[in-house]
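# Close look at the chain arrangement
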Amino acid sequence: MSLQESVARTQSSLKEQPWRLFASQISILVRNEVRRNLFTRRRIWVYLLALIPVFFLILRYVLDKGTSPSQLEDDTFLLAGITFQLYYIRLGIFFACMGIFTWLFRGEMVERTLHYQFLVPVRREVLVVGKFLAGAVVSIALFEAAVFACFFLVYIRLGSAGRSYVFDGPGLGQLGSYFLVTALACLGYGAVFLALSLLFKNPIIPGVMLMGWEAVAPIFPSWAQHLSVTFYLKHLCPVKLPVEGAMAIFTIVAEPVSPFIAVFGLLCLTLAILVLSCFLIRRLEVTYTAE
Amino acid sequence: MTPDARQIVFDNVSKFYGEVLGVNKVNFSLEPGITSLVGPNGSGKTTLMNLLTGLIKPSHGAIYVLGLTPQQPIEFFRQVGYCTQFDSFPPGTNGYDFIYWPLRLHGFGHDQATKLTNEALERAGMAQVARRKVAGYSKGMRQRIRLAQAIAHHPSVLVLDEPLNGLDPMARAESIGLFGAIAKQGMHVIISSHILEEVDRISDRVVLMSSGYVVAEGQIKEVRREVRDHPMQILVRCSNPAALASAAFELDHVVEAKILSDGQSVLVRTRDAEQFSLLLNKIVSAGLVEVDAVAPADDDVNSIYQYLIGSDGSPT
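If you're wondering where the values come from, they're calculated on a predicted model, not measured in any experiment.

Conventions adopted
- Throughout this description, residue numbers start from 1 for each chain and increase along the sequence as written.
- Labels are handed out in written order, letters beginning with A for the chains and numbers beginning with 1 for the ligands.
- In keeping with the predicted nature of the model, local features appear solely for residues at pLDDT of at least 70, side-chain atom pairs appear and are counted solely at 80 or more, and the whole-chain, interface and lining totals rest on all residues.
- Put simply, DSSP marks the helices as runs of H or I at least four residues long and the strands as runs of E at least two long, and each gets a number from the N terminus on.
- Comment: burial labels come from other C-beta atoms within 10 Å of the residue's own C-beta, placed from the backbone, where a count of 20 or more is buried, 12 or fewer is exposed, and between is partly exposed.
- C-beta atoms are placed from the backbone for every residue, and two residues are taken to be in contact when these atoms lie within 7 Å.
- For two strands to be treated as a pair, DSSP must find no fewer than two bridges joining them.
- As a rule, the C-alpha atoms of each element are fitted with a line to give its axis, helices using only the stretch in contact, and angles between N-to-C directions run from 0 to 180 degrees.
- The domain boundaries here were taken from an automatic or database domain assignment.
- Note that the term roughly parallel is reserved for angles under 35 degrees, roughly antiparallel for angles over 145, roughly perpendicular for angles of 65 to 115, and oblique for everything else.
- Residues are grouped as follows: nonpolar covers Ala, Val, Leu, Ile, Met, Phe, Trp, Tyr, Cys and Pro; charged covers Asp, Glu, Lys and Arg; every other residue, Gly included, is treated as polar.
- To count as a nonpolar core, a set of buried Ala, Val, Leu, Ile, Met, Phe, Trp, Tyr and Cys residues must be joined through C-beta atoms within 7 Å.

### Structural notes on the overall build of chain B
Each helix and strand counted, chain B has 11 helices and 13 strands in total. Out of the 316 residues in chain B, the part that is buried amounts to 45%. For chain B, contacts bridging at least 24 residues in sequence account for 66% of all contacts bridging at least 6.

The structure is reproduced here in structure tokens:
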């Protein structure tokens, strides 16, 4: 069989199995985007953003070995409040997702390479899904590794009390919840930033506005709070922080909902934003001169 | 116009960037073969190609390529290969990957994509340097690797935006040969170029563009007929150009008679070539001048282009 005939045969067989083709295209897009986004010097600042708390906890581990009976509770609140809720949820994951997900399409516009993606037989919706999944893989892998490192450094410092808390107490369950919240935060923020990058030439300003919205959403009516990513994440955080005292400023006050509703709600919000992105990408034109 | 499975159809297509005109009211259909888009910078050639391949969308009208539109990307981009003018590449890519991965997105398996990649690299003369980073390529090599990518999946329609730019004479000749070979397989090859002589030589038809409008379209000779009202240029190489120019000026239909810088030729612009030939015969018979050569100077795209657009079409 000649190459020409074999090409025609492959094209004809793929026509009959579009879902197989979509799956294969998504896996190739994810692979290429992950290589492009994860293993590149351009992403060093994202690594730093993820690892800042890890550096501080390593310093603390090296410099302060002392433990007291109340240390376990204090360190658990430190991990849940300052490290996780304040730093990772409100700052680290937020800004890293802004960098990773807005660059997926806008970066290709800036580098004038987006046309290569639009000139292959890939539906633009598939392109959105593939790029989104690539961004999700990168951000989730990076931040879950960082959260795990923080968790490990906090409890290993406490010696046998820490080991007992992790393996015989609620520690492992909390770690699982941290992983879940981290993954959902990456998906939620990622979807929002992907859509913003398709809506605006410079998504930084709307990104900052989004940050403001996430901060003030709890004071808005219940229906409006459902449009905030942190609204859902708050209910999945494993450690309830004291709402009085110093820790109060790190907590996110929101109307209570069940964990199931929180996970389902955030996934629905993510899906709705991705559908919007699919709509936007269909209208996108490659006009680099406007960049 | 109705879509035809063999034709490329532009049906009253306009594109505006805000208030700026890209192209306006473009209507034509193309049969397989080599079609050249000719026009100065800003005339709308790239806009037309970007519209054709769906990179931009028409403000009005519709475009059909072999009965398909870019809104059917899977079927459409299996049939279409576009070598754009954008001289940019995904960061860190090498020549081989630049061709291989898009083929995988087409749905080809590893073995088939490898074969097609190697074949495209061979055809574009890039096999030896395929594993080098594209960032280290010369301009000509970058041009050829883009061409290789555009032809790798055996498209039925090949769109090439200024494909000869940056190529050395040898590579240019090879590329032209490649375009010809592709067109002979019954494919559409659409080329935009400023190098009019080369386009003229390889084209089956030409689309002349100016300021966003198609000013003429068809086979080169047909286009020439379209502009019959315009004076024709005849180059006469003779022993006494001054005498010939003087005699020519006495005829009503002669618009211009210019003695060229070599001092041995006259370029005559006339509305009636037959009458001018009769005059030339008379002068020669009378022994006033000895004629070495007579040749039409405008039966090529460059001249037609000059008539229609008021410029010589040289690169700007």
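From this point, things continue past the structure.
### Details of the overall build of chain A
Assigned secondary structure in chain A consists of 12 helices and 0 strands. Each of the 291 residues in chain A was classed as buried or not, and the buried ones make up 38%. Put simply, of all contacts in chain A between residues at least 6 apart along the chain, 83% involve residues at least 24 apart.

### Brief notes about the sheet that holds strand S1 (residues 8-17) of chain B
By definition, the strands of a sheet pair up through backbone hydrogen bonds, in either a parallel or an antiparallel sense. Residue and element names in this part refer to chain B. Taken together, the 3 strands give an open sheet; going across it, the order is S2-S1-S4, and neighbouring strands pair in antiparallel fashion. The open sheet is flanked by strand S2 (20-30) and strand S4 (60-65), the only strands paired with a single partner. With direction set aside, neighbouring strand axes in the sheet form an average angle of 20°. Direction of pairing for S1 relative to S2: antiparallel, over a ladder of 7 bridges. From the neighbouring strand, Phe16 faces S2, where its bridge partner is Leu21.

### Examining the domain arrangement of chain B
Domain boundaries in chain B define domain 1 (8-226) and domain 2 (232-309). Here the C-alpha centroids of domain 1 of chain B and domain 2 of chain B sit 39 Å apart.

### Considerations on the interface of chain A and chain B
Taken together, the contact pairs 27 residues of chain A with 28 residues of chain B. If you list the elements that add at least two residues to the side of chain A that touches chain B, you get helix H1 (3-16), helix H2 (18-38) and helix H5 (114-118) of chain A. Among the elements that take part in the side of chain A that touches chain B, H1 of chain A stands out by supplying 7 residues, more than any other.

### Brief notes about the packing of helix H3 (residues 44-63) of chain A against helix H4 (residues 71-110) of chain A
Residue and element names in this part refer to chain A. Running from N to C, H3 and H4 point in directions that differ by 175°, and their axes come no closer than 9 Å. Taken together, the axes of H3 and H4 lie roughly antiparallel to each other. Along the contact surface, H3 presents Val46, Leu49, Ala50 and Pro53, while H4 presents Thr83, Tyr87, Gly92, Phe95, Ala96, Gly99 and Ile100. When its residues are assigned to classes, the contact of H3 with H4 shows 8 nonpolar, 3 polar and no charged.

### Observations concerning the nonpolar core
In this structure, Ile93 and Cys97 of chain A together with Ala148 and Val189 of chain B are the most contacted members of the largest nonpolar core, which totals 138 residues. Among residues more than four places away in sequence, those in contact with Ile93 of chain A are Tyr88, Phe143, Thr182, Ala185, Cys186 and Tyr189 of chain A.

### Considering the sheet that holds strand S3 (residues 33-38) of chain B
Residue and element names in this part refer to chain B. With mixed pairing, the 6 strands of this open sheet are ordered in space as S5-S6-S7-S3-S8-S9. In this open sheet, the two edge strands, each paired with only one partner strand, are strand S5 (80-83) and strand S9 (213-218). Averaged over all pairs of adjacent strands, the angle between strand axes in this sheet comes to 15°, irrespective of strand direction. As judged from the 4 bridges shared by S3 and strand S8 (residues 205-210), these two strands associate in the parallel manner. Across the sheet, the residue bridging to Val38 is Leu208, located in S8. Packed onto the sheet, helix H6 (residues 169-184) meets S3, strand S6 (157-161) and strand S7 (188-192) and runs at close to 150° relative to S7.

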